[in-house]
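Here's the letter readout for the chains.
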Amino acid sequence: MFSVKTPKPTFKCYLPPVQTDVRKAIEPPIKKLEPTLLPGEIVVNEVNFVRKCISAESTQDDLWGRLICTNFKVSFIPQDAPVKQKTPLSHRLLGEHDIPLTCLEQVVTVNDTKGKKKVLGLNKKLKFNPTELILYCKDLRIIRFCFDEAGPESAKKVCLAIAHYSHPADLLLLFGFEYQGRQYHESKGERVRGANPQGRSQTPIFDRSSDWDREIKRTSASEWRVCAINTDYTISSSLPEYIVVPVSLADQDLKQHAIYFMDNRIPLWCWSHPNGSALVRMASVCDPLQQKKIEQKIAAGITKSHPHRGEPIKLELDKNLPNIQDIQAAFIKIRQICVIDPFEESEERWLSSIENSRWLEHVRIVLKLSADVVFHLDGNNASVILQEEEDRDLNCVVSSLVQLMLDPHYRSRIGFQSLVQKEWVMAGHRFLDRCDHLNKSDKEESPVFMLFLDCVWQMMNQYPAAFEFSETYLTVLSDSMWIPLFSTFLFNSSKQRAQYLMDFAKSKAIPQGEDHVVYFPPIWNWSQQFSIKDLTLFNNPMYVGKGAACVQNGEVKTFKRTKKSYSSTLRATAGSLRNGVKNTEDALVPRRGSLVSELRPDFSPAKDESPSDRFFRDFFARPADQQGLLIPLFMPSHMALWKLFFLRWVSEACIPRGGPITAYHKLSQLVDEIDMLHNQLRQYKGPTPSSTPLPSPSEAPSDQRRMYFKASSAHDPSTLPDFLTSTFPFSPRGNLCRRSLHGTPISKFLNGAKIWLSTETLNDTV
């Protein structure tokens, strides 16, 4: 056997041997910070090593990461994995650090070293390298990023990209069109198999005559009919194709009358009272010479639709309510006070500043006028015509509030959504202009819909058991205006919607004749945005539905008005709950200048009492029927600040394990326990409890339970979760913070102090 020697290497390496770090070898590679993108979403610019400010006083809690601008949103991706914590209301289409571009109000760049600041807009140049970026959002958030370690040119480019893409030149450039086009084709296979993930929801859209027919039948409006003279928008560009008009008015007459109204908007039927009176809205007559003649003809048609041939009452809202500029100015002021201004600069006058913004005064005036309309319809048995110059702003607010007060159907969630769809979306409210989605004109921007939602919240605050939905639902609905993925809040009119969606369908090869609700759905299918679990936060545990019963003195009774005589004690207005109505400690003490102080203590009629005063006196003298007429108290002292909306992003206003959410938590657990008991009773079939074992509470399917907070077991006593705060389910973390406010009026206000106080008594009271 031969042995072969291994030849010596001819090449000698003079480099030192590589030292291998065992620790590095076993460490996982650094994960690249990648954004979560929706179908059709692309990254247009980005910058690394960005610091997101969490606190204004310290950088200890600030987050480092990557700032990205896409064609849909501004997204920040933290470098370190966030601490695992309970995430309230997790959005399926937006991350915790995402801001839709349509939600941006202002893009402000700052250079600390040069002392420069600039508001960026479309095609604006930036001559300095920014050290900070501040984003002012339409949902009242203020987000601040610092570029301490970021490349100056990259920081500059991402700021310009955000400014550019938040000012789209055309509506079709909004990301919703690209997204829904991709969604339509990706879900085509599911539709072929019989499933329709984006089909019509339970909420009627009112784009078909059948929706209006059902509403006429529901309200027993037998003297009104569906009219199709505006098919293909041949009469008016801002009216829907189907409208409801008096039976006595022929189509030919309506066509002749239309030319005299603003934008040819002939009067629209809104709702009919069981007594036969109707609520109608209409625009102004353009020709002063023809005004009286045309209005008389319209009034005659409405009179014939009344069972007693009663003449309608016309209310001109332009003369009685603030205009859109006043509403916008008041909202800017209250936003400045609640979110932007440092508390230390205005702490002595904070409450009076809220009052002087006139936002709550506008809310009060709208509620009062709506209550007056209710008196005419319900107490005076008269039809009412709401007239506004264009019939597209204040008429939407008042007509909706009147129906909300009179019809319990609209106080359910599906009913409320149908109300918004009918009186706002289909009636032609200018959502595109009023929300300023294209950031083109501040003159047209005005939070009219936000004013309406605040009015609804005031009613919910006074009658917390009368509404199926919660204030979380209202707040999420307001936020939905800034998410351009759904059709509800994108357009100025039905015609504009139809035109854009037709062009969109052609560009995306969507078959002609396809239902637009399928390829560009409305907002009402909430499961596209939230999980089933999170959607339970929309439910009000105190809601007294139709036919709901309560136990009183050991007997089960339903919530119905009776004709018995009531106590002469005034019904209270805030604080504890009685018959589902909030009551205050000082409810029996008449406030100066309030409605209560004007009424006699024994409710006996005053000599000079008007019919409307008597109507309101009689209503407030008896317990409220949760499924009947509801009239809010509308004096200044009855108005409250909607804290969850206006203060949810203010860290200092966040009360850990405090605020109204604590009561919501307990009530939800109680309702959940009652629901489980009902289920157990339905499942029980044996003659004795021992014959059929009852399921334990833990065995109840969680996806079928109505409440977010589940009932606690005997072994696990109920305690408030650590993640509960007064801003739940929203978190102010990451919003610009301000200095401490302990001992200031704002802190005392958060603990229950009144808002409407005169400046003379401010220091003594708070």
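Residues numbered from 1 in each chain as written. Predicted model: local features only at pLDDT ≥ 70, side-chain atom pairs only at ≥ 80, totals over all residues. Heavy atoms only, no water.

Enquirer: Would you take a moment to explain the overall build of the protein chain for this structure?
Expert: In terms of regular secondary structure, the protein chain is built from 26 helices and 18 strands. Burial analysis of the protein chain (766 residues in total) assigns 53% to the buried set. When contacts within the protein chain are restricted to residue pairs at least 6 apart in sequence, long-range pairs at least 24 apart make up 72% of them. A total of about 36900 Å² of accessible surface is found on the protein chain, and carbon and sulfur atoms cover 52% of it. (Helix = DSSP H or I, 4+ residues; strand = E, 2+ residues; numbered from the N terminus. Buried < 20%, exposed > 50% of the residue type's maximum accessible area, 1.4 Å probe, protein only. Contact = heavy atoms within 4.5 Å. Areas by Shrake-Rupley, 256 points an atom, 1.4 Å probe, with all protein chains shown as cover.)

Enquirer: What exactly am I supposed to notice about the pattern of salt bridges here?
Expert: Two side chains carrying opposite charge are able to pair once their charged atoms lie near each other. Across all of its chains, the model carries 35 salt bridges by this definition. For Glu34, the salt bridge goes to Arg66, with nearest N and O atoms at 4.0 Å. Of this pair, Glu34 sits in the loop between helix 1 (22-26) and strand 1 (43-52) while Arg66 sits in strand 2 (residues 63-70), and the two are 32 residues apart along the sequence. The class of Arg66 is buried, set by a relative accessible area of 6%. (Salt bridge = Lys/Arg side-chain N within 4 Å of Asp/Glu carboxyl O.)

Enquirer: Which parts of the structure should I look at to understand the sheet that holds strand 1?
Expert: Within a sheet, each strand pairs with its neighbour through backbone hydrogen bonds, oriented either parallel or antiparallel. Spatially, the eight strands line up as an open sheet ordered 4-3-2-1-8-7-5-6, and their pairing is antiparallel. Of all the strands in the sheet, the pair left with one neighbour each is strand 4 (98-100) and strand 6 (116-120). Averaged over neighbouring strand pairs, the angle between their axes works out to 25° when direction is ignored. Both strand 1 and strand 2 contribute to a ladder of seven bridges, which runs antiparallel. Note on strand 2: the bridge partner recorded for Glu46 is Ile68. (Pairing = 2+ DSSP bridges. Axes fitted to C-alpha atoms, helices over the stretch in contact; angles between N-to-C directions.)

Enquirer: Which parts of the structure should I look at to understand the pairing of strand 12 (residues 278-283)?
Expert: A regular strand places its side chains on the two faces of the sheet in alternate fashion. Counting buried residues along strand 12, six of its six residues qualify, which places the element largely inside the surrounding structure. Note: strand 11 (residues 268-272) against strand 12, four bridges, orientation antiparallel. Residue pairing for strand 12: Ser272 is matched across the bridge by Ala278.

Enquirer: Would you explain unusual backbone geometry in this entry?
Expert: If a residue is not glycine, its phi is most likely negative; likewise, a peptide bond is most likely trans. Of note, the amide linkage connecting Phe728 to Pro729 takes the cis form, showing an omega dihedral of 10°. Structurally, the position occupied by Pro729 is in the loop between helix 24 (661-683) and helix 25 (745-750). The phi dihedral of Phe206 is positive, around 65°, even though this residue is not glycine. By relative accessible area, Phe206 is classed as buried at 2%.

Enquirer: Could you clarify how one ought to interpret the sheet that holds strand 14 (residues 384-388) in this entry?
Expert: Spatial ordering of the open sheet is given by 11-12-14-13, a layout of four strands whose pairing is mixed. Because the sheet does not close on itself, it has two edges, and the strands there are strand 11 and strand 13 (313-316). For this sheet, the mean angle separating the axes of adjacent strands, direction not counted, is 20°. Here strand 13 pairs with strand 14 via four bridges, running parallel. Pairing of Glu316 across the sheet is with Gln387, part of strand 14.

Enquirer: Honestly, helix 12 (residues 359-379) in this entry has me stumped. Any pointers?
Expert: Note on helix geometry: an α-helix contains 3.6 residues per turn, so any two residues three or four positions apart are oriented the same way. With 21 residues, helix 12 extends 29 Å from end C-alpha to end C-alpha; this agrees with the ideal 30 Å at 1.5 Å per step. In terms of burial, helix 12 is a largely internal element, 16 of the 21 residues being buried. Just downstream of helix 12, Asn381 is the residue with a positive phi angle, here 55°. (Expected span 1.5 Å × (residues − 1).)

Enquirer: Got a minute to help me understand helix 3 (residues 175-186) in this structure?
Expert: Taking 1.5 Å per residue, twelve residues should reach 16 Å; helix 3 reaches 17 Å between its end C-alpha atoms and fits that length. Within helix 3 the residues assigned to the buried category are Phe175, Gly176, Phe177, Tyr179, Gln180, Gly181, Gln183 and Tyr184.

Enquirer: Would you explain a positive patch on the surface in this entry?
Expert: Taken together, the side chains of Lys114, Lys116, Lys125 and Lys127 make up a positively charged region of the molecular surface. With respect to the secondary-structure elements, Lys127 resides in the loop between strand 6 and strand 7 (132-137). In this structure Lys127 comes out as exposed when scored by relative accessible area, which is 78%. (Patch = residues over 30% accessible without salt bridge, like charges linked within 9 Å, V, L, I, M, F, W, Y side chains within 5 Å. Lys, Arg positive; Asp, Glu negative; His and termini not counted. Charge placed at Lys NZ, Arg CZ, Asp CG, Glu CD.)

Enquirer: Help me out: how do you make sense of the environment of Asn525 in this one?
Expert: With respect to the helices and strands, the residue Asn525 is situated in the loop between helix 19 (516-519) and helix 20 (532-535). Between the C-alpha atom of Asn525 and that of Phe486, which follows or precedes it by 39 residues, the distance is 9.7 Å. Of the polar contacts made by the side chain of Asn525, one reaches the side chain of Ser527; its length is 2.7 Å. (Polar contact = N/O pair within 3.5 Å; in protein donor to acceptor, adjacent residues only side chain to side chain.)

Enquirer: Help me out: how do you make sense of the packing of aromatic side chains in this one?
Expert: Aromatic ring pairs are reported here in terms of the distance separating the ring centres and the angle at which the planes meet. One pass over the full model with this rule turns up 44 aromatic pairs. Seen from their ring centres, Trp457 and Trp642 are 6.1 Å apart, and the 15° between their planes marks the pair as stacked. With a gap of 185 residues between them, Trp457 in helix 16 (residues 448-462) and Trp642 in the loop between helix 22 (611-620) and helix 23 (643-646) connect regions that are remote in the sequence. Across this residue pair, the class does not change: Trp457 and Trp642 are buried. (Phe/Tyr/Trp six-rings, centres within 6.5 Å; stacked < 30°, edge-to-face > 60°.)

Enquirer: So what exactly am I meant to see when it comes to the side chain of Asp534 here?
Expert: Positionally, Asp534 belongs in helix 20. Side-chain polar atoms of Asp534 contact the backbone nitrogen of Ser90, separated by 3.0 Å. The residues touching Asp534, leaving out its near neighbours within four places in the chain, are Leu89, Ser90 and Tyr708.

Enquirer: Would you mind showing me how to read the side chain of Ser370 here?
Expert: Looking at the secondary structure, you find Ser370 in helix 12. Take Ser370: its relative accessible area is 0%, and that puts it in the buried class. Setting aside anything within four residues of it in sequence, one finds Ser370 in contact with Val398, Leu401, Val402 and Met405.

Enquirer: Hey, could you run me through the packing of helix 13 (residues 394-406) against helix 14 (residues 413-425) in this one?
Expert: Between helix 13 and helix 14, the least distance of the axes is 10 Å, while the angle of their chain directions is 150°. Our classification of the angle between helix 13 and helix 14 gives roughly antiparallel. Where helix 13 crosses over helix 14, the handedness of that crossing is right-handed. Contacts between helix 13 and helix 14 pair Cys396, Val397, Ser399, Ser400, Gln403 and Leu404 from the former with Phe416, Leu419, Lys422, Glu423 and Trp424 from the latter. Grouping the constituent residues of the contact of helix 13 with helix 14 by class yields six nonpolar, three polar and two charged. (Parallel < 35°, antiparallel > 145°, perpendicular 65-115°, else oblique. Left-handed = near helix turned anticlockwise from the far one by under 90°. Nonpolar A, V, L, I, M, F, W, Y, C, P; charged D, E, K, R; others polar.)

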